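# Structure at a glance
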Amino acid sequence: MVVAASKKTWTPFISSAPGKAILFGEHAVVYGKPAVAASVDMRAYALVTPRHDGLMHLVFPDISVDTVIRSSDIPSKEQTEVLLHPGDVAELLPPSLLKPEGAGRTAVMTFMFLCSALLTQQHREQGFSICVRSLLPVGAGLGSSAAFNIALASALLRLNGLVDRADSTEERELVNKWAFKGEQVAHGTPSGIDNSVATFGGFLQYTKGTAPVQLGSAHYLRVLICDTRVPKSTKALVAGVRVLRDAHPDAIDSVMDAIGSISLTAARMFRNARTPADALQNHLADAVRLNHALLVALGVSHPSLERVRDVAAAHSMPAKLTGAGGGGCALALIPPSATDGDIESVIRELSVEGIRCYPTVIGGCGVKITDAIAGKSVVAWLERKNMTGNLCSISNNDFALAIARFASMPSADFGAI
Ligand SMILES: Nc1ncnc2c1ncn2[C@@H]1O[C@H](COP(=O)(O)OP(=O)(O)O)[C@@H](O)[C@H]1O
Ligand SMILES: C[C@@](O)(CCOP(=O)(O)O)CC(=O)O
């Protein structure tokens, strides 16, 4: 099963993981109701290439990180094992590596924690370069953090030989466990839902305090993710709903019950691999409209989200806010009858107002490790693209297209990589 660890030499590979979106049940989940989340096939990709100078070269262009780390900077396994919380790794790092508060600091801390726990002596001595590119907007509630952590954790597990292609349940559970620790470094006390959806892919039902339930990945839906780019505070929005509930407990509890039953019915349909695609699509269209209306009743929508809903609805695409609301992202279902022209019209109309739309699919595959693309090794692919060892010189979209073209697949199937 496992190859990399025992080998003295190894060849470049790419690990990748998708983002996530809450499909149904945000806010109600805080009150113990079920929610349904799905993988969003906009992925983070980590390209890992060997070095022979004992240095780890971290290149995260999306967040302007380009740092060289010596193996002596990495805390020992014994040191991080005794930390009360993975986030305390900061105490063990040389001050020169601790960047100012922000995305770069979090990403480097996560890398150091995971290296400390997972990197073998051989790989510390040899060194490697890791370049992460992501098609997910950072900090927009689409799980860019979990996708990054999974790409990182699976890459390091592959290096030390505990994971090969990350395609078995056993391997995925291991990746999920370590990605969750990465999430703890970044977020303190995450629920674990983002990393679970992104590791396993497909659809997942979750209820506070219980283990997430995999709903399988038999269904694959086209959606338009619309990032309003209006900043939001999940904490403030959750607190606002709490105030409303305190004032109107019966009414708000009824809203929460209604949202919970929308999630449950959708979960049942996703779980059944034989649910016909058109029945699923029709049911989800109503469920999306209903769930959004109930979120409006909770006071968590925003004019920008209503604008997405109106423009998408005018092109027969039902839309709802996803996540906490108050800005952030909305998700519009693209029915099979929608033409490319319909999709482009929605994207164009919304882009004029500063809203960025990403056509993608939900329910696609989770973590993946690729060392061959369309039958050719990653090395051959890099050589052909004239970018050996360096994924950083091209834009994210060009990167996506380069892989998709090389693999001769439509970008909608990009998740296959
Ligand atoms: N492309 C990327 N490259 C490096 N780090 C990333 C990337 N995307 C996300 N991250 C990490 O995840 C963090 C974003 O987490 P968060 O604000 O919770 O956003 P999201 O809601 O998208 O998960 C960043 O601060 C960074 O540490
Ligand atoms: C509103 C809520 O249900 C989801 C928040 O989602 P996000 O922070 O927008 O990814 C809060 C929660 O579940 O903790």
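Within every chain, residues take consecutive numbers counted from 1 along the sequence as written. By the order in which they are written, chains take letters starting at A while ligands take numbers starting at 1. It should be noted that, the model being predicted, local features are given only for residues of pLDDT at least 70 and side-chain atom pairs only at 80 or more, the latter also being counted only at that level, while totals for whole chains, interfaces and linings use all residues. Note: side-chain values were computed over all heavy atoms of the structure, leaving out hydrogens and water.

## Here we look at the site of ligand 2
- For ligand 2, the full set of nearby residues is Lys20, Ile22, Glu26, His27, Val29, Val30, Lys232, Thr234, Val238, Gly323 and Ala324.
- Separating an oxygen atom of ligand 2 from a side-chain N or O atom of Lys232 is a distance of 2.7 Å.
- Shrake-Rupley sampling with a 1.4 Å probe provides the accessible areas, and residues are treated as covered by the protein chains on show and by no other component. Isolated, ligand 2 exposes 380 Å² of accessible area, and the fraction of that covered by the protein chains is 73%.
- Residue assignment for the shell around ligand 2 shows that the elements contributing at least two residues are β1 (13-24) and α7 (234-247).
- When the residues that make up the shell around ligand 2 are grouped by side-chain class, the tally is 5 nonpolar, 3 polar and 3 charged.
- If you count residues domain by domain, the shell around ligand 2 takes at least three from each of domain 1 (4-215 + 364-416) and domain 2 (221-362). A cutoff of 4 Å decides nearness: a residue is near a molecule or strand if any of its heavy atoms lies inside that distance of it. Pairs of N or O atoms within 3.5 Å make up the polar contacts considered here, provided that, within protein, one atom can donate a hydrogen while the other can accept it, and that residues adjacent in sequence are counted only when both atoms are side-chain atoms. Each helix is a run of DSSP H or I of at least 4 residues and each strand a run of E of at least 2, with the numbering of both proceeding from the N terminus. All residues other than Ala, Val, Leu, Ile, Met, Phe, Trp, Tyr, Cys, Pro, Asp, Glu, Lys and Arg, Gly among them, are scored as polar; the first ten of these are nonpolar and the last four charged. Residue ranges for the domains trace back to a domain assignment, done automatically or taken from a database.

## Digging into the pattern of salt bridges
- Any carboxyl oxygen of Asp or Glu that lies within 4 Å of a side-chain nitrogen of Lys or Arg is treated as forming a salt bridge with it. Here the structure, examined in full by the defined rule, presents 13 salt bridges.
- For the salt bridge of Arg309 with Glu306, the shortest nitrogen-to-oxygen distance reads 3.4 Å. Of this pair, Arg309 and Glu306 are both found in helix α10 (residues 303-314), 3 residues apart, which corresponds to roughly one turn of the helix.
- Given the relative accessible area of 28%, Arg309 is considered partly exposed.
- Residues joined by salt bridges that share partners form a network here, namely Glu306, Arg309 and Asp310. Note on classification: 1.4 Å probe, protein chains only; a residue is buried when its accessible area is under 20% of the maximum for its type, exposed when over 50%, partly exposed between these limits.

## Section: the UniProt feature "domain: GHMP kinase C-terminal" (unreviewed entry) in the protein chain
- UniProt positions are given in the numbering used here, feature names are shortened, and annotations may be inferred rather than shown by experiment. Following the UniProt record, one finds the feature "domain: GHMP kinase C-terminal" (unreviewed entry) at residues 284-349.
- Between the C-alpha atoms that bound residues 284-349 the distance is 24 Å, and the span itself is 55% helix and 14% strand.

## Section: the confidence of the model for the protein chain
- Across the chain, each position has a pLDDT score giving the predictor's confidence in that residue, from 0 to 100. Looking at the protein chain, the pLDDT average stands at 87 and 87% of residues meet or exceed 70.
- Any two residues whose heavy atoms approach within 4.5 Å are treated as being in contact. Taken as a whole, residues 387-394 scores under 50 in pLDDT and shows 19 contacts with residues more than four places along the chain or in a different chain.
- Scored below 50 in pLDDT, residues 403-417 shows 34 contacts in the model against residues more than four places distant or in partner chains.
- The complex model carries a pTM of 0.87, and its ipTM stands at 0.95.

## Some details on α10
- A helix is expected to reach a length of 1.5 Å times the quantity of its residues less one. Taking 1.5 Å of rise per residue, 12 residues should cover 16 Å, and α10 covers 16 Å from first to last C-alpha, within 8% of that figure.
- When α10 is considered as a whole, its buried residues turn out to be Ser304, Leu305, Val308, Val311 and Ala312. Projection of α10 onto a plane perpendicular to its axis shows the buried side chains occupying an angular sector of 130°, all on one side. Of the exposed residues in α10, those oriented more than 90 degrees away from the buried face are Pro303 and Ala314.
- Where α10 is buried, its residues contact β8 (221-227), β9 (319-322), β10 (329-333) and α11 (340-351).
- Two residues or fewer past α10, Ser316 is found with a positive phi of approximately 60°. An arc is given here, and it is the one of the directions from the helix axis to the C-beta atoms.

## A few points about the site of ligand 1
- What surrounds ligand 1 is a group of 17 residues, the closest being Asp62, Gly139, Ser144, Ser145 and His187.
- Coverage of ligand 1 by the protein amounts to 86% of the 570 Å² it exposes when considered alone.
- Those elements giving two or more residues to the shell around ligand 1 turn out to be α2 (103-118) and α4 (144-159).
- Of the residues that constitute the shell around ligand 1, the class distribution is 8 nonpolar, 8 polar and 1 charged.

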